[in-house]
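Each chain is listed here by its residues.
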Amino acid sequence: MLYGMAFIRIQDVGKSFETAAGKFFALRDVCLSIEGGEFVAIVGKSGSGKSTLLNLVAGIDRPTQGTVDVGTTAVHRLTENQLAAWRGKNVGVVFQFFQLMPTLTAIENVMLPMDFRGVWPPRERLDRARRLLADVALGDQAAKLPAELSGGEQQRVAIARALANDPPLIVADEPTGNLDSRTADAVFALFTDLVRHGKTIVFVTHDRDLASRASRLITLSDGRIVDDTGGAGRVPVGAGPPAAVPVPSAAAAARVDDGGGPP
Amino acid sequence: MPLPPRWRKVWRDLWLHRSRTVLVVVSIAVGVFAVGVVAGTRQILARELEASFASINPASATLQTLAPFGSDLVRSVAAMPAVAEAEGRRTVYVRLETAPGVWTNVQLIAIPDFRAITLDRVLPVTGAWPPPERGVLIERSAIGLVQHAVGDDVVIKTPSGRRKTMRLAGLAFDAYALPYTLDGVAFGYITYDTLAWLGEPRDYNELHLTVAENRHDRDHITDVVEQVRDKVERDGRAIFFMTIPEPGKHPLDSTIQGMLLLLGVMGALALGLSGFLVTNTVAALLAQETWQIGVMKAIGAQRQQIAGMYAGMVAAYGALALVVAVPTGILGTRAFTQLMAGYLNLTVSDARVPPAVLALQVGIALVVPLVAAAVPIVAGTRISVREAIAAYGLGTGRFGTHRLDRWVERVRGLSRPTLLSLRNTFRRKARLTLTLATLTMAGAMFIATFSVNASLTRTLDGMLELWQWDIAAQFSQSYRVERLRNAALSVPGVVAAEGWSYTTARHTSATGGGGSSLLSFSVPLIVFAPPAESRLIKPPLIRGRWLVPQDEQAIVVTTGVLDDQAGLDVGGRLALRIGGRDTTWTVVGVTQGIGPMPFVYANYPYFSALVREAGRAQWLAVVTDRHDPEALGGIAEQLEAELEQAGLRVGLIAEIHQERAEVAAIFEGILALLLVMVGLLAVVGGLGLAGTMSLNVIERTREIGVMRAIGASDLALLRIFVTEGMLIGFLSWALALVVSVPLSIAITRALGGALLGSALKTVFSPVGAAAWLGIVLVVAALASVLPARSATRVSVRSVLAYE
Ligand SMILES: Nc1ncnc2c1ncn2[C@@H]1O[C@H](COP(=O)(O)OP(=O)(O)OP(=O)(O)O)[C@@H](O)[C@H]1O
Ligand SMILES: [Mg+2]
């Protein structure tokens with residue numbers, strides 16, 4: 001039923017904030033379609049609205065105007081609580097500062113989303129978390145606490161966590177912003193690999209070089225899209241060194257919880 | 001199956017912040033412990049009192065006559081259709097030698113057949129049963145008073161002045177006997193053969209009876225007792241004393257209930273205060289973990305799941321508190337029950353804490369913290385993901401926006417670090433409010449307890465000022481006043497002596513006489529008739545005037561007399577039945593009562609003539625030249641010997657300092673209990689402050705690191721936090737001072753009602769206020785030193801790594 005429709009559809013979206021100085025528009029009249037399997041980079045200077053846009057895509061925030069649809073879900077209509085449940089199954093979020101639960105081990109962090117959403121039967125969760133950690137080449141670090149891991153390792157755990165419930169969409173706000181360029185490359189390679197296995201990835205970056213390796217590049221300025229190059233179907237260029245083995249469950253990558261999927 | 005990761009997080013957070021966990025758990029445990037002990041003691045005492053009472057088959061009423069009567073009267077009362085059982089006994093007051101030359105009052109009760117007691121049963125404890133001839137069984141709670149062991153021979157003086165040596169043959173238990181500390185008289189039980197051997201006639205002066213129907217209906221009992229009274233009076237015996245206990249209740253029931261209520265209120269208060277600490281801790285915890293909440297929401301946690309995690313953590317606090325509070329509560333209940341049982345002369349046969357009390361503890365340990373945490377949990381988990389992630393890393397607690405802040409800002413002339421402490425104190429207003437509330441309540445209770453003590457002592461002193469005599473003797477019959485005075489004045493050390501009329505009376509309208517809220521009893525009015533110009537009595541007048549020599553038919557009454565006489569006051573008329581005569585009086589004054597007994601005072605010359613006893617007295621009041629207890633004791637011994645010598649039959653001898661000690665003993669017991677509870681409150685208050693201070697330190701780790709970086713020494717950091725803690729302590733003291741005023745008034749009112757049957761005048765105790773200032777400052781310093789020390793351990797480097 002979704003044939004002919006993009007996976008992510010953003011229409012006439014505006015986002016304003018009430019500030020002491022009056023209404024401030026972080027996004028204005030944004031229209032954007034992203035097909036399933038696209039690898040999208042969002043760039044722009046600080047304060048241009050990148051994070052705001054990404055939050056709307058991830059259902060972390062709701063627009064003040066317009067509609068945001070992901071798969072068959074009208075995200076802008078969901079309540080905070082419905083959004084949380086929807087995110088848990090459909091979106092994997094990766095943060096700049098990794099944001100792992102400090103008192104949980106790596107593998108427990110990966111299991112946490114499964115715990116909240118209960119997608120996998122409890123018996124399978126540990127095995128799945130092990131496989132995901134192995135996929136990000138951290139199979140032997142499973143029992144460590146975040147404080148005992150390097151930044152790059154923490155970010156890889158965070159990516160494994162984002163994949164826990166096998167969501168079709170991954171969003172990442174400056175996922176490499178806190179990593180040196182070599183580590184950033186390794187993390188980026190993981191993303192490329194995920195896209196190859198059918199995931200849709202939208203990420204924000206300040207790194208021109210990384211951005212250029214995405215399949216599509218969206219540039220924001222003052223809350224508007226000022227440039228949009230690449231687009232659906234482009235194969236990622238210049239994939240970095242193969243840092244990880246392919247994600248075994250990639251076949252299910254395009255699955256959306258209501259059965260809808262990318263064209 | 002392994003614990004799901006979110007519960008592992010909860011569990012690790014509990015463990016990681018052990019000191020915080022311990023603090024919260026201990027404070028909940030204190031509250032749960034206090035409530036458990038009070039509720040448990042109440043239940044056990046109620047259960048045991050009922051069992052103990054049922055086993056003795058308590059009489060519905062007891063009548064004491066002035067003249068003795070025989071078994072025919074007992075039989076004819078027993079035969080009345082409204083009466084189920086009737087039993088006669090004889091009570092004799094004797095003096096028992098506790099040490100050479102030292103005598104104490106013993107009330108000997110002769111029972112016709114120890115194996116066939118039907119009413120007010122006396123039960124064997126140790127030794128012989130029934131008592132052998134020439135042997136006495138002492139009520140077990142009085143064994144400390146007689147200072148002899150079972151098997152000893154003891155010397156007693158009979159009312160006729162004869163000395164007899166008796167065997168202390170064993171101990172008995174009489175549920176009605178209050179421990180001697182409460183009324184200074186020991187009870188002893190003898191057979192009629194022993195009674196005859198003592199030279200007393202084999203007849204009765206006490207009639208115990210139960211009603212046939214409606215045993216728990218006091219009005220019905222009163223009706224029946226009136227019939228019995230009429231019968232006894234028709235038989236020519238004037239009633240001296242008539243007692244109708246509250247059916248099925250221990251005589252001290254209302255006192256026990258009042259005290260338990262007060263303790264229960266304090267227990268609930270301790271619990272409430274520990275709830276505040278939970279609120280504070282959970283609020284701080286959620287503020288600290290805001291970003292974690294945001295991240296969990298971002299990865300799919302719904303609000304109720306996160307709320308559930310924190311609720312689970314709070315429930316774990318409650319469960320851990322139970323681990324502490326249940327066993328200590330059981331021990332505490334045992335100890336407290338024993339203490340109360342001793343006070344009530346009660347054997348606790350089964351000290352098991354009722355399951356309902358354990359269930360109550362479980363319930364409050366789980367519910368109270370959850371209720372206390374509900375607001376911060378609801379508020380803390382409401383935050384949206386965007387806000388939570390955006391707020392990450394920011395300090396919390398705003399200073400500068402509130403009017404109070406601007407006021408604090410204006411404070412000048414303090415050192416920079418002190419200023420910092422002052423401003424920090426006001427940063428977390430909700431937390432400060434709850435901490436202050438905790439400490440303030442503890443402080444107010446503490447100060448109020450001291451004020452209550454001062455009020456009780458003042459009242460006691462005031463009450464005893466009534467008696468300006470040092471020694472008094474009560475006689476079993478009246479004697480000519482001149483004879484009494486001559487005998488007394490011949491004793492060295494006696495400087496003045498007066499003879500007074502002393503008898504009992506009752507309202508013509510009512511059976512009982514004055515009510516009493518201390519004893520669940522109907523008792524008669526006690527009549528004293530000193531000469532109006534007597535200087536040996538100084539009643540604390542509340543309204544009206546004291547007697548004047550020309551007074552006739554004028555009467556001064558204690559407040560207790562007015563209790564069940566609606567509308568009666570100064571100027572009103574009072575109809576009294578005295579020694580079988582109906583008399584009418586005009587109330588000219590109202591005075592504070594001494595203890596729960598209702599007293600009336602009349603003018604001696606008129607009164608003694610009225611009762612056909614002109615020139616005679618049953619009461620001798622004596623003033624001595626020395627007043628220390630030893631000297632008084634010596635003079636009392638000589639006086640007793642002298643009176644005996646003169647052939648005067650002494651019933652009881654009272655020394656004023658003993659009277660004082662007896663009342664003081666009751667007060668002290670209550671105050672000790674209050675202080676224990678206040679101690680618990682202070683502990684909870686201190687824990688609350690320690691909790692607040694450690695939360696402040698944890699929250700300001702980043703700031704501390706920065707202060708460190710700009711050169712703050714250990715001492716400077718320590719001073720900032722300790723000053724802050726002591727500032728809170730001082731503020732709470734000032735507030736406690738204010739709150740203690742209405743609190744003191746309320747408690748003295750309630751206690752006065754329970755103990756003395758009238759409201760007390762509240763005296764405020766500067767000692768309590770000063771002591772609490774000292775305590776709260778020390779507690780505050782201690783409560784902030786530990787968190788402050790952990791602040792000094794914060795290194796600049798660790799702050800950079802701080803999440
Ligand atoms: N809660 C808010 N209230 C008011 N203004 C906001 C809020 N959140 C964001 N803004 C404003 O909206 C604009 C866009 O913010 P956004 O975080 O999307 O920028 P960004 O492109 O991600 O910048 P950066 O590269 O620095 O992260 C900024 O000017 C910011 O100040
Ligand atoms: Mg941003």
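About the criteria used
- Residues numbered from 1 in each chain as written.
- Chains lettered and ligands numbered in written order.
- Predicted model: local features only at pLDDT ≥ 70, side-chain atom pairs only at ≥ 80, totals over all residues.
- Heavy atoms only, no water.
- Helix = DSSP H or I, 4+ residues; strand = E, 2+ residues; numbered from the N terminus.
- Contact = heavy atoms within 4.5 Å.
- Phe/Tyr/Trp six-rings, centres within 6.5 Å; stacked < 30°, edge-to-face > 60°.
- Buried < 20%, exposed > 50% of the residue type's maximum accessible area, 1.4 Å probe, protein only.
- Lys NZ or Arg CZ within 6 Å of the ring centre and 35° of its normal.
- Near = heavy atom within 4 Å.
- Polar contact = N/O pair within 3.5 Å; in protein donor to acceptor, adjacent residues only side chain to side chain.
- Areas by Shrake-Rupley, 256 points an atom, 1.4 Å probe, with all protein chains shown as cover.
- Nonpolar A, V, L, I, M, F, W, Y, C, P; charged D, E, K, R; others polar.
- Expected span 1.5 Å × (residues − 1).
- Pairing = 2+ DSSP bridges.
- Axes fitted to C-alpha atoms, helices over the stretch in contact; angles between N-to-C directions.
- pLDDT = per-residue confidence, 0-100.
- Domains from an automatic or database assignment.

J.: I would appreciate a short explanation of the side chain of Ser60 of chain B in the present structure.
T.: Looking at the secondary structure, you find Ser60 of chain B in the loop between α2 (18–56) and β1 (61–69). Sequence-distant contacts of Ser60 of chain B, that is, excluding residues within four places in its chain, are made with Leu209, Thr210, Val211, Ile221, Thr243, Ile244 and Pro245 of chain B.

J.: Please explain the packing of aromatic side chains as it appears in this structure.
T.: The geometry of two aromatic rings is summed up by the distance between their centres and the angle between their planes. Throughout the structure, instances matching the rule amount to 25 aromatic pairs over all chains. Residues Trp500 of chain B and Phe528 of chain B carry aromatic rings whose centres are separated by 6.0 Å and whose planes lie at 85° to one another, so their mutual orientation is edge-to-face. One end of the pair, Trp500 of chain B, is in strand β12 (residues 494–507); the other, Phe528 of chain B, is in strand β13 (residues 525–529), with 28 residues separating them in the sequence. Both residues of the pair, Trp500 of chain B and Phe528 of chain B, belong to the buried class. With a centroid separation of 5.5 Å and 50° between ring planes, the pair formed by Phe528 of chain B and Phe599 of chain B is classed as tilted. Note that Phe528 of chain B is positioned in strand β13 and Phe599 of chain B in strand β18 (residues 599–602), a separation of 71 residues in sequence. A network of ring pairs unites the aromatic residues Trp467, Trp469, Trp500, Tyr502, Phe528, Trp546, Phe599, Tyr601 and Trp619 of chain B as a single cluster. A cation over an aromatic ring shows up here: Arg128 of chain A above the ring of Trp120 of chain A, its NZ or CZ 4.1 Å from the ring centre. Against the face of Trp15 of chain B rests Arg18 of chain B, its NZ or CZ located 4.5 Å from the ring centre.

J.: What is the right way to read the site of ligand 1 from this model?
T.: Residues and elements named next belong to chain A. As a structural note, the neighbourhood of ligand 1 is formed by 14 residues, with Ser46, Gly47, Lys50, Ser51 and Thr52 the closest of them. Here an oxygen atom of ligand 1 sits 3.0 Å away from a polar atom, N or O, in the main chain of Gly49. Within the side chain of Thr52, one N or O atom sits 2.5 Å away from an oxygen atom of ligand 1. Considering ligand 1 on its own, with 630 Å² of exposed area, one finds that the protein chains cover 66% of that surface. Of all elements in the fold, only β1 (8–19), β2 (22–34) and α1 (50–58) reach the threshold of two or more residues within the shell around ligand 1. Counted by class, the shell around ligand 1 contains 3 nonpolar, 8 polar and 3 charged residues.

J.: In this structure, what is going on with helix α6 (residues 181–196) of chain A? I would like to understand it.
T.: Think of an α-helix as turning once every 3.6 residues; residues three or four places apart then point the same way. Residues and elements named next belong to chain A. The first and last C-alpha atoms of α6 sit 22 Å apart over 16 residues, in line with the 22 Å expected at 1.5 Å per residue. Of all the positions in α6, only Ala184, Val187, Phe188, Ala189, Leu190, Phe191, Thr192, Asp193, Leu194 and Val195 are classed as buried. In the core, the buried residues of α6 are packed alongside β3 (39–44), α4 (122–135), α5 (151–162), β7 (169–173), β8 (200–204) and α7 (208–212). Of the residues flanking the end of α6, it is Gly198, one or two places downstream, whose phi is positive at about 100°.

J.: How do you make sense of the sheet that holds β8 of chain A when you look at a structure like this?
T.: One key point about sheets: their strands pair by backbone hydrogen bonds, in either a parallel or an antiparallel sense. Residues and elements named next belong to chain A. Judged by pairing direction, the sheet is mixed, and its 6 strands sit side by side in the order β6-β7-β8-β3-β9-β10 without closing on themselves. Two strands in the sheet have a free side with no partner beyond their single neighbour: β6 (91–94) and β10 (224–229). Taking each pair of neighbouring strands and ignoring which way they run, the sheet shows an average axis angle of 20°. The pairing of β3 with β8 spans 4 bridges and is parallel. Its bridge partner being in β8, Phe39 is matched across the sheet by Ile201. Packed onto the sheet, helix α2 (residues 80–90) meets β6 and β7 and runs at close to 85° relative to β6.

J.: Explanation requested: unusual backbone geometry in the structure shown.
T.: Look at the link from Trp129 of chain B to Pro130 of chain B: it is a cis peptide, with omega at -5°. Relative to the elements of secondary structure, Pro130 of chain B occurs in the loop between β4 (122–127) and β5 (135–139). Despite not being glycine, Asp12 of chain A shows a phi value in the positive range, around 50°. On the secondary structure map, Asp12 of chain A appears in strand β1.

J.: Quick question: what am I supposed to make of the confidence of the model for chain A here?
T.: Regions with low pLDDT should not have their predicted coordinates read in detail. Overall, the predicted model of chain A reaches an average pLDDT of 83, with 86% of residues at or above 70. Confidence drops under pLDDT 50 across residues 232–263 of chain A; counting only partners more than four residues distant or on other chains, this segment forms 62 contacts.

J.: How should I be thinking about the domain arrangement of chain B in this particular structure?
T.: Domain boundaries assigned for chain B yield domain 1 (1–58 + 252–391), domain 2 (62–243), domain 3 (398–466 + 661–803) and domain 4 (471–626). Taken over C-alpha atoms, the centre of domain 2 of chain B sits 26 Å from the centre of domain 4 of chain B.

J.: For this particular structure, what's the right way to read the sheet that holds β1 of chain A?
T.: Residues and elements named next belong to chain A. Here we have 4 strands laid out as an open sheet, ordered β2-β1-β4-β5, and antiparallel in their pairing. Strand pairing shows two members of the sheet lacking a second neighbour, β2 and β5 (73–74), which therefore form its edges. Judged from the 5 bridges that link them, β1 and strand β4 (residues 65–70) form a sheet pairing that is antiparallel. Paired with Ile10 across the strands is Val68, a residue of β4. Here α1 sits on the sheet and contacts β1, β2 and β4; the angle it forms with β2, its principal contact strand, is near 60°.

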